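As a plain string of letters, each chain reads:
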Amino acid sequence: MPVEKVIAEKDRALTNYVNPFIGTGGHGHTYPGATAPFGMMQLSPDTRLDGWDGCSGYHYSDSYIYGFSHTHLSGTGVSDYGDILLMPTTSEILSNGADGRPGYKAPFSHERERAEPGFYKVHLDSTNIGVELTVSERSGMHRYTFEKDSKQYVILDLEHRDEVLDSDFELVSGTEIRGRRHSRAWADQQMLYFHLRFSRPVKSVKQSGGNSTGKIAAFEFDEREGEILEVKVGISAVDEQGARENMEAEIGNKSFDEVRAEIQEKWERQLEKVVVESEDQDQKTVFYTSLYHTMLAPNLYQDIDGRYRGMDLKIHKTTDFSYYTVFSLWDTYRATHPLYTIIEQERTNDFVNTLLAKYKEGGIMPIWDLSACYTGCMIGYHGVSVISDAYLKGIRGYDADLAFEAVKHSASHDHLGLKAYKSFGFIPVEEESESVSKTLEYAYDDWTIAQLAKALNKTEDYRYFLDRSLNYRNVFDPETKFMRGRFRNQWFSPFDPYEVNFNYTEANAWQYSLYVPQDISGLMEIMGGKTELESRLDELFEAETSTTGRNQADITGLIGQYAHGNEPSHHMAYLYNFVGRPDKTQARVNQILNELYSNAPDGISGNEDCGQMSAWYVFSALGFYPVTPGSPDYIIGAPLFKRATIRLENGNTFTVMANERNSENYFVKSARLNGRPIEQSLLLHDDIMKGGTLEFEMTDRPTKWMSSEKELPVSKIEEGGFLSAPFIAEGALAFSDSTSVRLSHIQKDVKIFFKINEDPFQLYESLIKITTPVQLDVYAEQEGRKSPVVSTRFTQIDPLVKISLESRYANQYNAGGDRALIDGILGTRDFRTGSWQGYQDQDVVAMVDLGRERSVKSVQVNFLQDQRSWIFLPTAVRFYGSRNGTDFIPLNPGFQLNNSRQDDAIRIKNVECRVPESTYRFIKLVAKKLGDLPSWHIGAKDKGKSWIFIDEIIID
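Quick caveat, the model's predicted, so the values are computed rather than measured. Here the residue numbers are simple positions, counted from 1 along each chain's written sequence. Restriction of local features to residues with pLDDT of at least 70 applies here, the model being predicted, together with a cutoff of 80 or more for giving and counting side-chain atom pairs; totals for whole chains, interfaces and linings are based on all residues. Note: side-chain values were computed over all heavy atoms of the structure, leaving out hydrogens and water.

Secondary structure follows DSSP: runs of H or I at least 4 residues long count as helices, runs of E at least 2 residues long count as strands, and numbering of each begins at the N terminus. When helices and strands are tallied, the chain shows 17 helices and 58 strands. Radius of gyration here is computed from C-alpha atoms only, and the compact-globule reference equals 2.2 Å multiplied by the residue count raised to the power 0.38. Taken against the 2.2 N^0.38 rule, which gives 30 Å for 956 residues, the C-alpha radius of gyration of the chain at 30 Å falls within 12% of a compact globule. Taking the principal axes of the C-alpha coordinates as reference, the chain spans close to 95 × 80 × 50 Å. Any residue under 20% of the maximum accessible area for its type is buried, any over 50% is exposed, and the rest in between are partly exposed; the area is computed with a 1.4 Å probe on protein chains only. Out of the 956 residues belonging to the chain, those deemed buried represent 63%. When the accessible surface of the chain is totalled, it reaches about 34,700 Å², and 44% of it is carbon and sulfur. Residues scored as positive are Lys and Arg, those scored as negative are Asp and Glu, and His as well as the terminal groups of each chain are ignored. In plain terms, the charge of a residue is placed at NZ if it is Lys, CZ if Arg, CG if Asp and CD if Glu. Looking at charge distribution, the chain has the averaged site of its 103 positive side-chain charges lying 2 Å from that of its 137 negative ones. The protein chains shown are the only cover counted for residues, whose accessible areas, like all others here, come from Shrake-Rupley with a 1.4 Å probe.

This is the structure in structure tokens:
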């Protein structure tokens, strides 16, 4: 029977439900200022000059405003932007105050502050100046209201925040200024040009330094000409002329109120793409603020005439598509870009065309690009997910052959562990930092490439990348059932799933061991079945909330070890659907929606990350989520609102209804799509795009809905000739007399082969006894398939030599355990590869027992310096000798090291002590700590403590 079409209607302008202050407190890192949807300009107040919680330039806890700059980042974990700062004031103060901060800063209060989409207003208390801001896409307006008869100045600060490489400005008329700012921060070659026009002539100009070379200027205006001063500003990454043309085309002679009305109407049309109905005003505010946050980035990076600065830092031009920057792909591929495939299809074509242009300009698609720069931030090559997801959902306004060339190229390099990944099917810990996370994310990305290859009838590529997409199995430990690092082909140990260490990216084993979005059913199988996966999910949400190991500020929003404040956890609540317990998904999603989001400055439980935290909320509030981007499936949760309608660009509407939904009724009793009961607990992309109605019946208790085998979603790689490599389950890599090696494999029905040195391979049937230094090569075979060959070197330690440590190394930096400093394996330049022992805020005291008195000629030891990572050389190194282990004599006067001078270079320092010919049984090493980080270090303000990284005491 026909289904009545019911569409949600708005009760008032949706911009009224946006609270731009959500996320400006806590660790949300958002900004409250004025911007256009996906606009180039973000005109916002600056209250914080540095620090992790100052990444957006604003934090709700602050009480001073330094000015209003024209570019900001939304929710990132690294600081940049804050370009071209203007500040109205009543004096020409250009120098810093007693606190070392700009003297023109002014106190403000939130009681006299207001933010709306496209508009911001605040009162500066000490100068009694009212400030209003509004924008268009590439330009903006300031309106300052001075107190009657007060002095009127506007400060222009081109030195604000980032390191300035070059900057300048000039007056081109009595009311117009143009200039440039070339800076370095996260983006190391950021170029921005500006053109601004005052509504009244400049009376006088004073610059810092007293001459035209100063980069801070005070412009004075005649107070007799009125209390209101307006400033129109255009920006460009191309040149000053582009900035002027952007301003003229978008603002021209329009009044402040006209510009504000236009941008707020544009925001209203954006927000109308999803209309929800609810009596809970806070929930509607959180929803529309979330939708708003998903529309702040990526940012337009192209002038009105089509010119833009490409990844080669050269000027290009196109009118075929709009060009963007700020692709936080490690975050946004998960839900933000899938949301765009529904509500921003035309813009998704622009995003894909942009990524392909960046590939042609820079030689590779970016992982995280910012202002035409590769930031080198985060992992994976998730641009391939964005492109594949778009193509497979029918969004194809670009060159498909070029798209496949670009995604295949992204996966074909030898950097960031890819060489080892291609050779072994996993990244060894000793080869690359964050090896587990990179292996898992590369495998997912490879699956998306395989799906694109299949759609393009590229059979050979499809099979190759499908095999690679199963590489996740190479880091799955069948004993603990966690994803673990393989350190010299052994599982990294001691193992603590709560430990945050260099094997994972901003996470621990809990938070990455369920990351196999491309093969959830396959993961379930190797874990032992649905019961095992359900138990692991229960344990995840019920575990202790504390972590061990490295302090990681990004791990927030914890429910057990589920960390909603960071992206690797975002799909996990939906995994219960795959084991026939959608009621548990419904309960957890409802908990996250209500406990980890709120209508408050700290209402986001972690970095907003350019829309990803908010996209999770938007999807989950609508009742479904893209667990596997690149798949047409959305996994069903439980809708938050009684009615919600998506207005699609093709003219259709898709409505989600939740009958009897209230704070208690968050369990699903039944669901119908266009009047027919759904057959699986998932929704297809085409179902949405065709339009229609998804109707839920809700109840206050768990039900058996969608719990039978045939109703479960399936995410399984059915094909593929993958076979993982064997691993060393037992055996000491550095041994004294001998070691017995046991090999194992994730599968039971495989044959394992091994060889020692140049011997031929033979079938592994029992323990391998090793008594001399050797290289052990292993591989597996099954039904004609052969795994990669993995090599491990075993070293022999003099059986008489022992080491005792009076200091205690951090487990995540154990380098292999207590004997690592005498195992003959030297540390590399990257401390994250696990070959250094790390000690924080303590002296390193180690004693080597040679077993008997021996003639000692020299003692050497290596230390690592990586000051950005808080790793400093010791202040002093001393060596001592003893014959009885009690009475020690100095072997040298001691080495004093100047380790507090700033030096960004990564260095390995060898300290050698030549010993007057004598005999000793015991050699003691003492390396003195630096302790507190130097005052110039970014971690000093948080009272950070330095590390000593040491490896290999060599005694001749």
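What follows continues from the structure just given.
With that out of the way, let us pick up the pattern of salt bridges. By definition here, a salt bridge exists when the distance from a side-chain nitrogen of Lys or Arg to a carboxyl oxygen of Asp or Glu is within 4 Å. Counted under the stated rule, the structure contains 65 salt bridges. For the salt bridge of Glu806 with Lys924, the shortest nitrogen-to-oxygen distance reads 3.7 Å. Of this pair, Glu806 sits in the loop between strand 51 (802-805) and strand 52 (837-840) while Lys924 sits in strand 57 (residues 907-928); the two residues are 118 residues apart in sequence, bridging distant segments of the chain. Judged by relative accessible area, Lys924 falls into the buried class, the value being 17%. The structure contains a network of salt bridges with shared partners spanning Glu534, Asp538, Arg581, Asp583 and Lys584.

Once that is clear, we can look at the packing of helix 3 (residues 281-293) against helix 16 (residues 612-622). Axis definition: a line fit to C-alpha positions, over the contact stretch in the case of helices; interaxial angles, taken between N-to-C directions, run 0 to 180 degrees. Between helix 3 and helix 16, the least distance of the axes is 8 Å, while the angle of their chain directions is 130°. Taken as axis vectors, helix 3 and helix 16 run oblique relative to one another. In the packing of helix 3 onto helix 16, the handedness of the crossing is left-handed. Residues Gln283, Val286, Phe287, Ser290, Leu291 and His293 of helix 3 touch helix 16, and the partners they reach there are Ser614, Tyr617, Val618, Ala621 and Leu622. Asp, Glu, Lys and Arg are counted as charged, while Ala, Val, Leu, Ile, Met, Phe, Trp, Tyr, Cys and Pro are counted as nonpolar; the rest, among them Gly, fall into the polar class. Considering only residue class, the contact of helix 3 with helix 16 consists of seven nonpolar, four polar and no charged. An angle counts as roughly parallel when it lies under 35 degrees, as roughly antiparallel when it exceeds 145, as roughly perpendicular when it falls between 65 and 115, and as oblique in every other case. Crossing handedness follows the turn of the near helix against the far one: under a right angle anticlockwise gives a left-handed crossing, and clockwise gives a right-handed one. Any pair of residues with heavy atoms lying within 4.5 Å of one another is described as a contacting pair.

On to the packing of aromatic side chains, then. For this analysis, a ring pair means two rings from Phe, Tyr or Trp (six-membered ring only for Trp) whose centres lie within 6.5 Å, classed as stacked if their planes differ by under 30 degrees, edge-to-face if by over 60, and tilted for the remaining angles. Under the criterion given, the structure shown has 53 aromatic pairs. Aromatic pair Phe502 and Tyr813: ring centres 5.7 Å apart, planes at 15°, arrangement stacked. With a gap of 311 residues between them, Phe502 in the loop between strand 30 (499-500) and helix 12 (509-512) and Tyr813 in the loop between strand 51 and strand 52 connect regions that are remote in the sequence. When sorted by exposure, Phe502 lands in the same class as Tyr813, which is buried. Taking 6.1 Å as the distance between ring centres and 45° as the angle between the ring planes, the aromatic pair formed by Phe872 and Trp936 counts as tilted.

In this section: the pairing of strand 54 (residues 876-882). Strand 54 sits mainly inside the fold: five of its seven residues count as buried. Relative to strand 56 (residues 895-896), strand 54 runs antiparallel, the two sharing two bridges. Looking at strand 56, one finds that Ala876 is bridged to Gln896. The pairing criterion is simple: DSSP has to find at least two bridges between the two strands. In terms of strand pairing, strand 54 meets strand 57 through seven bridges, oriented antiparallel. Its bridge partner lying in strand 57, Ala876 is registered against Lys928. Pairing geometry for strand 54 and strand 55 (residues 888-890), over three bridges, is antiparallel. Looking at strand 55, one finds that Tyr880 is bridged to Pro890. The antiparallel hairpin formed by strand 54 and strand 55 contains five residues in its connecting segment, where Gly885 sits at a positive phi of about 85°.

Here we take up the sheet that holds strand 39 (residues 676-677). In space, the six strands of this open sheet follow the order 18-36-37-41-38-39, with mixed pairing throughout. Whereas interior strands pair on both sides, the edge strands pair on one side only; in this sheet they are strand 18 (274-277) and strand 39. Relative to strand 41 (residues 692-699), strand 37 (residues 653-659) is paired through six bridges, and the arrangement is parallel. Directly across from Phe654, in strand 41, lies its bridge partner Gly692.

What follows concerns the nonpolar core. One finds Phe68, Phe198, Phe287, Tyr288, Phe624, Leu743 and Leu776 to be the most contacted residues of the largest nonpolar core, which totals 227 residues. Within this scheme, the nonpolar core is defined by two criteria: the residues are buried Ala, Val, Leu, Ile, Met, Phe, Trp, Tyr or Cys, and they are joined through side-chain atoms within 4.5 Å. Listed in part, the 31 residues of the second largest apolar core include Ile803, Tyr839, Leu873 and Leu925.

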